[in-house]
Amino acid sequence: MSAAQLYTKYTRVWIPDPDEVWRSAEIIKDYKEGDKSLHLKLEDETLYEYPIDVQGKELPFLRNPDILVGENDLTALSYLHEPAVLHNLKVRFLESNHIYTYCGIVLVAINPYEQLPIYEQDVIYAYSGQNAGDMDPHIFAVAEEAYKQMARDEKNQSIIVSGESGAGKTVSAKYAMRFFATVGGSASDTNIEAKVLASSPIMEAIGNAKTTRNDNSSRFGKYIQIGFDKRYHIIGANMRTYLLEKSRVVFQAEDERNYHIFYQLCASASLPEFKDLGLTCAEDFFYTSQGGDTSIDGVDDADDLEKTRHAFTLLGVKESHQTTIFRIIAAILHLGNLEIQGERDADACSVSSEDEHLANFCALLGLEHGQMQHWLCHRKLVTTAETYVKNMSVQQVLNARDALAKHIYAQLFNWIVQHINKALHTTVKQHSFIGVLDIYGFETFEVNSFEQFCINYANEKLQQQFNSHVFKLEQEEYMKEGIPWTLIDFYDNQPCIDLIEAKLGILDLLDEECKVPKGTDQNWAQKLYDRHGACQHFQKPRMSNTSFIVLHFADKVEYQSEGFLEKNRDTVYEEQINILKASKYQMVADLFQDEKDAASTTSMAKGTAKISVRSARPAIKTANKEHKKTVGHQFRNSLHLLMETLNATTPHYVRCIKPNDEKLPFKFDPKRAVQQLRACGVLETIRISAAGFPSRWSYHDFFNRYRVLMKKRDISKHDKKQICQTLLEDLIQDPDKFQFGRTKIFFRAGQVAYLEKLRADKFRAATIMIQKTVRGWLQRLKYKRLRRAAVVIQRYARGHRARRLAEHLRRTRAAVVFQKQFRMLRVLRAFRSVRNATVTIQAFARGMFVRRIYRRILTEHKATILQKYARGWLARTRFRRVRGATIVLQCYYRRMKARQELKALKIEARSAQHLKKLNIGMENKVVQLQRKIDEQNKEYKLLSEQLSLLTATHSSEVEKLKKELVQYERNQRGDDNQLVSLQEEMEQLRLELQKAHGERKVVEDTYTKEKGLLRKRISDLEEENALLKQEKEELNNRILCQSEDGFAQNTVEENIQMKKELEEERSRYQNLVKEHSRLEQRYDNLRDEMTIMKQTPGHRRNPSNQSSLESDSNYPSISTSEIGDTEDVVQQVEEVGMDKAAMDMTLFLKLQKRVRELEQERKKLQNQLEKKEQESKKSQVIETKPEVTSDHEDFAYNSLKRQELESENKKLKNELNELREVIAERATHNNSANDGEESYNLLLNQLKSANEELEVRKEEVLILRTQIMKAAQQKETGKNTENVTSNASWPNSDKHIDQEDAIEAYQGMCETNRKTEDWGYLNEDGELGLAYQGLKQVARLLEAQLQEQRREHEEEVEALKNEVDAMREELEKQQQAFLQSLQLPPEAQVEFGLQQEITRLTNENLDLKELLEKLEKNEKKLKKQLKIYMKKVQDFEASQAALPAERRRNERNMQVTVQRKEKDFQGMLEYYKEDEPLLIRNLVTDLKPQAVSATVPCLPAYILYMCIRHADYINDDQKVHSLLTSTINGVKKVLKKHSDDFEMTSFWLANTCRLLHCLKQYSGDAGFMTQNTPKQNEHCLKNFDLTEYRQVLSHLSIQIYQQLIKVAEGVLQPMIVSAVLENESIQGLSGVKPMGYRNRSSSVEDGDSYSLDALIRQLNTFHSVMSDQGLDPEIVQQVFKQLFYMINAVALNNLLLRKDVCSWSTGMQLRFNISQLEEWLHGKNLQQSGAAQTLEPLIQAAQLLQLKKKTSEDAEAICSLCTSLTTQQIVKILNLYTPVNEFEERVTVAFIRDIQTHLQERNDPPQLLLDFKHMFPVLFPFNPSSITMDSIHIPASLNLEFLQKV
């Protein structure tokens, strides 16, 4: 694009101006190549001819279009140059009062010198969580971006705040830290964010001072690291300080002050605690009065001291330390007032011993008065031979005094910084941090010394880091979009940095000169001239030999070398320091203790100078070597450390600009602003951006903006990217001026302005076209009137002429027809004759040609046949010859290869290794099999020995028991029936034992057989191995005999066969091993089964009959089902413990009930048995009498047997007692594991013997029973069958006593077999039954103990295994670490060892912390359970006292209930007290809203009220209290669990309100019963007044309502801005403007974009949920009123903070969106809720954007219309208003002033933003229900079967 195309008429440019730096002008004549001047018109209509350098072609800078003026981001400007940047900042600062502007990644902050309301808490919340590019520029936006990137990228961040003094660096850093403290507040109670903010007043007091440019100038640099944990809460902070200006302590220039703390202390000198400091006003002290005025307008030093002391206290500085700090500061002031008296000798002086200030100085610091008086005027010189004390001159004493004062203050400054860091330090591990660097900007004064040199050196380093970071970001953007990257030439200040810090640079030469004994500033300057005279960044002034010039990146600075050496040395005499070390105040002495260099770096204060003594003469040896580091060296090291920290973080830049030197609010000095913009790197950012592609558009935005330049056929395409490419290629001819990225189009500087010019030309042409068309339409109207008059005249004349013309045409047409027909006939005849002749000639010619062709083809065909046969013969001959030669060659070659292979095979066959390899695997396998067999044999022998031992033991015990049984049989007599039963049981046990022995023999036989088979198989394998060896030898012989081909083939086949056989043998062996292991397992199972059968004969415990329920109060209880076993219940009671069981009365009652049921069942079974026996008696026919003698013999034998068994039972009873004693002893001596095992083994052996004895007895009882039954059967078969049908045929005279006794005995035996629970049938006193029952319980107890010990043993073994594995892993890790350390050098080994030890200790510490936390949680849980248990015990004791009365009342209630059963349902639900937790669980905690969606709304509330009504009916106040309390707690628990669930929250809000309404409606109060029906009045409460509970439910409803609003706001808030402000509901209305860096690369990716329809759908969801769940309509209205207020507040706040949405098109979109919301409210009948009124401020803001803003009438209209907006909001919107295209006009400053004048009468609050967290008070109006309680149906899905309708 040529200059002639850009510099055309009406184009505006910038020209230099001496006053305003740059001035705007307009071109009035097109520029042409070669013109020497440019014709311009200035803004004051003055004509100006701008000269142009033809050679350099330096044309003036082009001005951006007005649409781009006032942009948030300077990089969005089309023309990027200095005048555009300056003008944009000026417009934003003066016209819009915007102090923040983005410049790429830099935030430019202009100091307004006025307090602005843009830093409140609501502004912080407005910027929190927002995208940086979406909001107006702000320090909070930069802080939010840093915070968000830290959380997203897991990388540390830095905010670099720079600028010259008075630009607002400290305030910006303070606001950034306030943002972090608010957003990332500490998660604990440490209040660390308050401590971080409290450090600011302390540092301002001791490090800030008044200068000519700033009343609160920071005279040191600081870098504050704010640490965050993994949840990104502030956990601590750390501060580093740089280059404290110590010279200010002893010297201040005109109109400047010392540090604030001195004046604060003097202003508070009258306080009682400061009386002993000896202070007066600041004018009385030399160190505070050199600058003149000691006060600052608007600053109260005494009040500031109180803030400083409060901050000290908040940071944990003790009162004693604070007192010492103030004493030291006061001592410095007294030191400055010392009077130095000169003596006659000019080289000597003295201080009076009566000097008041010296006495105060020594007293305040606790020093020896005489020593300090002496060493202030003398110094010590040390040589190799002796030590001299030399007098000093007055000037030397003054210099030494000032040096001492500076050193004391610097040490105090460092001490305070260290203690602040200690207070901000935390032991929690820091996950990440954000650093805030508040450092001095580039400085240049008339006299520049060492401090300015260090400051400018630091800015050079920061500028280099800034340039590289900007360059890196540009490169990343290009690479991300796929744009070809070309190196951008940016200013690299590395040569200037090398000049300062490189070897033999300025700092090195300075340090070298400081080491020279008589080094001077002049000598150092001369060395600089000699060394760096040729450097491009170093110059020597013409008129000075002691100054030098450094060309910094910002400007040339001339430094005076005077004082450089002294400031770099920072000399303090060692004798004075030694006196301070000997202070009687510990803190003063600690300040001056010797420190290592490493410790000095940790103090972070780079102004700290080490003590070094410099003699007037060269000293051979320095007194203290620790004070050699110079200030420059320390500053260079600290700066390197700072740069390393910044390079390791992601930087964010804030450049503070000072608009004027007079500190006037909103006054802009262009000269000062340009100077600072050049110095702070903003223009360098612009230059780097302009060197590449600064303007960037997305394809969508570019298409919408420049679619007017496109052609219709291009717009019809669907690919917008292709359309944009086509347009740009047509409009911009130079392809280097733009690039197409993946998502954006990149433009060179000026191209967007060119496109804007083309767009404006297009619009201008369209405007002209519209004007032309309108004018043409008007002319056409006039023309049509004239034409109508002329047409009438012409019509008649033309008719006459037409008729004449028609006649002529008819005649002419007739003549033409005649001529046509004649000419046609003549031509047709000639054509036909010619065509016939032509056809004849063609026929003869074509026949001749065809015959020629046929003859040629025939000849060629014959020749082809001859060639075919000849060529075939030749080819076959050549093939035979070649094949014969090939065969001969192959034969010779194959014979040679065969001989070679035969030779190789013979050699291989001679060695036995070949076959050994084939068989080595099988031999190894055989050896393994043999080893396996041996191991199994050993195991079998071991098992056999154990089995034989057990068998011998068992046989001996059996013999012993048999002997004892014989003895018992001689002494015992008993019941015959019992004897028979016991014998039968003994017989059964014997049979089971024999069966077990038989199974054991079968297993042993099977094992023996399998062992034999395995041995046989091994022998077979050995034989096969021998056969294989033989075959190997045979193969060796066959190899020598067979031919080469046959041998190879057979060998391969045999190898394959051998491998197959080997695989088969291996598989068979594996199968045998598996079968063997299976049989072993089967043997073990059988052996275990035998053991179990021996130990637990005839009893199996069914665990399914046991159930353990745990109530909500954590009390264990045991319950049984209705078909459970009472023995299992008893066992559960024993397992749980009698103490706990006794505490649950419910369990006791259930057990009693179960016992009664079992007793009834037993009686029922007994009756059935008696009936069956009677029926059997009736069916029997007894005719003959049995022989009495045989019966007597049987009964005698049975009685004898019984006596023996009873004696045996006594013995068993004694053994049972022994077992119980052993169990008791084991319970009391359970401390030792060995004792437990011995007692356990004893119990087990005794149990086995008892079980075996019982088995024997059972077998004997079975034998006796079978004998009795046989005798009875024989008697029955010996009787006649004649009297079978006669039931009464048995006369009484035929019944003999003996026969009846026998029958009764038989019946008693049958009953004994059926009644297992009535142990009285076994013997007289039931001892055997009790013994057997006790034995069963002992067996159960022992079995449980055995299982418990087995489980504990397995767990212990598993734990030991895990511990061994962990120890093994740890050992391996240590071995690896040891091997690694051995490979390292000795120093690295030590460091590596320390690292390993630190890691180990850290892990152990973490484990211990976790253990401690677990123990603390367990302790809290146990304490809570203990409280619950204590409460239960008290309740139980109280219930025991009231139990009789309750029983009587319950009986009466039950009687009443029985009487009312026949009546209708009364709307009451009854439940038992123990079912209350189940009721709450099913109806509250576990209930889902979907479960009752098809029922009556608020069904849970109705059910709860019916339960409350029944409790009221029976007058049970405890039940009412318990139910309501449990319900409220359950609802709170559910809401806490579902805190983010809108449906659940709405559901319980509806039910809570309905329960509250029910309590009011049925309370009996006349005020609540006005709408009740007579039936509903019957359902009122009779006994209780629940007013207090209504109040509790009202509070709960308010809490649920607030949670509901919070949940809904959390869902809606992310949607509001996108749906209401950004969504294009009216397509094509909003315009698009160029976007800056922040918009194109924000801190986070763009999230989901919500439309207005999505927002309305969400509102519909909320409304339907609340309506379906029966929430009161009044509450629904209040909910939507609150939600619409939040929509209004969020949208309006965002509008007030965003410039890009303050336009006419956005106002139109916003008004349309609000109308959609209003329509939705009307459709839902919510217009009476007041929700529409809450949108009034947003509606007025939309109208304000659409109104005309030019005249005074417009201002009056705006003021009368915008009544809901405050003055600040109206002015803010007007300042933010931005035209989208050039046809709109900006709001002028005069119009805004007019608006402010009209609004002066308003008393609006100063708040700019709305509080979107504000919540309207909620009201719950009484809303009675028309539903009666008796009409409510309870669905079965609620599982409330235990509720009984009353």
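Refer to the structure presented above.
Residue positions are given per chain, counted from 1 along the sequence in the order it is written. Confidence filtering applies because this is a predicted model: local features only for residues at pLDDT of at least 70, side-chain atom pairs given and counted only at 80 or more, and all residues used for totals across whole chains, interfaces and linings. Note that the side-chain values use all heavy atoms of the structure and ignore hydrogens as well as water.

Visitor: Give me unusual backbone geometry: which residues, what numbers.
Guide: Phi is positive for Tyr 232, which is not a glycine, with a value near 65 degrees. Tracing the chain through its elements places Tyr 232 in the loop between strand S11 (221–228) and strand S12 (234–242). The exposure class of Tyr 232 is buried, given its relative accessible area of 12%. Backbone geometry at Asp 255 places phi at a positive 65 degrees, although glycine is not the residue there. Segments assigned H or I by DSSP are reported as helices when at least four residues long, segments assigned E as strands when at least two residues long, and all are numbered from the N terminus. Tracing the backbone through its elements, the reader meets Asp 255 in the loop between helix H7 (247–250) and helix H8 (260–267). Burial status follows relative accessibility: with a 1.4 Å probe on protein chains alone, a residue under 20% of its type maximum counts as buried, one over 50% as exposed, and anything between as partly exposed. With relative accessibility at 45%, the residue Asp 255 sits in the partly exposed group.

Visitor: Please give an account of the packing of aromatic side chains that cites residues and values.
Guide: Two rings belonging to Phe, Tyr or Trp (six-membered ring only in the last case) form a pair when the distance between their centres is within 6.5 Å. Interplanar angles under 30 degrees mark stacking, angles over 60 mark edge-to-face geometry, and anything in between is tilted. Evaluation of the coordinates by the stated rule reveals 39 aromatic pairs. Ring geometry for Phe 274 against Phe 326: centres 5.3 Å apart, planes inclined by 80 degrees, an arrangement best described as edge-to-face. Separated by 52 residues along the polypeptide, Phe 274 in the loop between H8 and helix H9 (286–289) and Phe 326 in helix H11 (residues 319–336) bring together distant segments of the chain. A relative accessible area of 5% means that Phe 274 is categorised as buried. Look at Phe 326 and you get buried, because its relative accessible area is 3%. The interplanar angle of 75 degrees and the centroid separation of 5.4 Å between the aromatic rings of Phe 738 and Phe 740 together place this pair among those described as edge-to-face. For Phe 738, a relative accessible area of 6% corresponds to the buried category. In this structure an aromatic cluster arises from ring pairing among Phe 450, Phe 453, Trp 524, Tyr 529, Phe 538, Phe 548, Tyr 559 and Phe 564. Taking the ring centre of Tyr 1777 as reference, the NZ or CZ of Lys 1749 above it sits at 4.2 Å. Two limits define a charge over a ring: the Lys NZ or Arg CZ must be within 6 Å of the ring centre, and within 35 degrees of the ring normal.

Visitor: How would you summarise the packing of helix H26 (residues 699–706) against helix H28 (residues 720–731) if you had to cite specific residues and measurements?
Guide: Orientation is described by lines fitted to C-alpha atoms, with helices fitted over the stretch in contact, and by angles between N-to-C directions that extend from 0 to 180 degrees. Orientation of H26 relative to H28, taken along the N-to-C sense of each, is 55 degrees, at an axis distance of 9 Å. By the angle class used here, H26 and H28 are oblique. Two packed elements cross with a definite hand, and for H26 against H28 that hand is left-handed. Contacts from Tyr 699, His 700, Phe 702, Phe 703 and Tyr 706 in H26 reach Lys 720, Lys 721, Ile 723, Cys 724, Leu 727 and Leu 728 in H28. Residue composition of the contact of H26 with H28, grouped by class: 8 nonpolar, 1 polar and 2 charged. For classification purposes, an angle smaller than 35 degrees is called roughly parallel, one larger than 145 roughly antiparallel, one from 65 to 115 roughly perpendicular, and anything else oblique. The hand of a helix crossing depends on one turn: near helix anticlockwise from the far one by less than a right angle means left-handed, and clockwise means right-handed. Note on contacts: a residue pair is in contact if any heavy atoms of the two residues lie within 4.5 Å. Gly counts as polar in this scheme, as do all residues outside two lists: the nonpolar Ala, Val, Leu, Ile, Met, Phe, Trp, Tyr, Cys and Pro, and the charged Asp, Glu, Lys and Arg.

Visitor: Quick one: what's the story with empty space enclosed by the protein, residue by residue and with numbers?
Guide: Method remark: on a 1 Å grid restricted to protein atoms, a set of points is classed as a cavity if a 1.4 Å probe fits but cannot get out and as a pocket if it is open with protein on both sides within 12 Å along at least five of seven lines; lining residues have an atom within 4 Å of a point. Grid points are joined across faces, edges and corners, and a volume is the space filled by probe spheres set on the points. If you walk through the whole model with that rule in mind, you get 15 cavities of 30 Å³ or more. Reported here for the largest cavity is a volume of approximately 290 Å³. Broken down by secondary-structure element, the contributors of at least two residues to the lining of the largest cavity are strand S10 (217–218) and helix H15 (450–481). For the lining of the largest cavity, the element with the most residues is H15, which contributes 3 residues. Here the lining of the largest cavity is composed, by residue class, of 7 nonpolar, 7 polar and 10 charged.

Visitor: Got a sec to walk through the nonpolar core? Specific residues and values, please.
Guide: Nonpolar cores were defined as sets of buried Ala, Val, Leu, Ile, Met, Phe, Trp, Tyr and Cys residues, with membership established by side-chain atoms within 4.5 Å. Residues Phe 180, Ile 261, Phe 262, Phe 361, Phe 548, Ile 1503 and Phe 1680 are the most contacted members of the largest nonpolar core, which totals 325 residues. Every residue in contact with Phe 262, bar those within four places of it in the chain, is listed here: Val 249, Thr 288, Ile 329, Ile 332, Leu 333 and Tyr 409. Grouped together as the second largest cluster of nonpolar side chains are 34 residues, Tyr 31, Leu 62, Leu 728 and Ala 753 included.

Visitor: Explain the packing of helix H51 (residues 1673–1696) against helix H56 (residues 1767–1776) to me, and be specific about the residues and the numbers.
Guide: Angle between the axes and distance between the axes: these two values describe a pair of packed helices. At their nearest, the axes of H51 and H56 sit 9 Å apart, and the two run at 50 degrees to each other. In terms of axis orientation, H51 runs oblique to H56. Across the interface between the two elements, Leu 1692, Leu 1695 and Leu 1696 from H51 touch Gln 1769, Lys 1772, Ile 1773 and Leu 1776 from H56. Residues of the contact of H51 with H56, tallied by class, amount to 5 nonpolar, 1 polar and 1 charged.

Visitor: Explain helix H55 (residues 1752–1761) to me, and be specific about the residues and the numbers.
Guide: Along H55, the residues classified as buried are Asp 1754, Ala 1755, Ile 1758 and Cys 1759. Considered in projection along H55, the buried side chains sweep an arc of 135 degrees and stay on one side of the axis. Summarising the geometry of H55, the exposed residues directed more than 90 degrees from the buried face are Glu 1753 and Ser 1760. It is the directions from the helix axis to the C-beta atoms whose arc is reported.

Visitor: I'd love a proper account of the state of the cysteines, names of residues and values included.
Guide: Note on terminology: a disulfide is the covalent bond linking the sulfur atoms of two cysteines. Any two cysteine sulfur atoms within 2.5 Å of one another count as a disulfide. Under the defined criterion, the tally for this structure stands at 0 disulfides. The thiol of Cys 496 is unpaired, and the distance to the nearest cysteine sulfur, on Cys 535, comes to 8.0 Å. Not engaged in a disulfide, the cysteine Cys 1558 finds its nearest cysteine sulfur in Cys 1498; these two sulfurs lie 8.5 Å apart.

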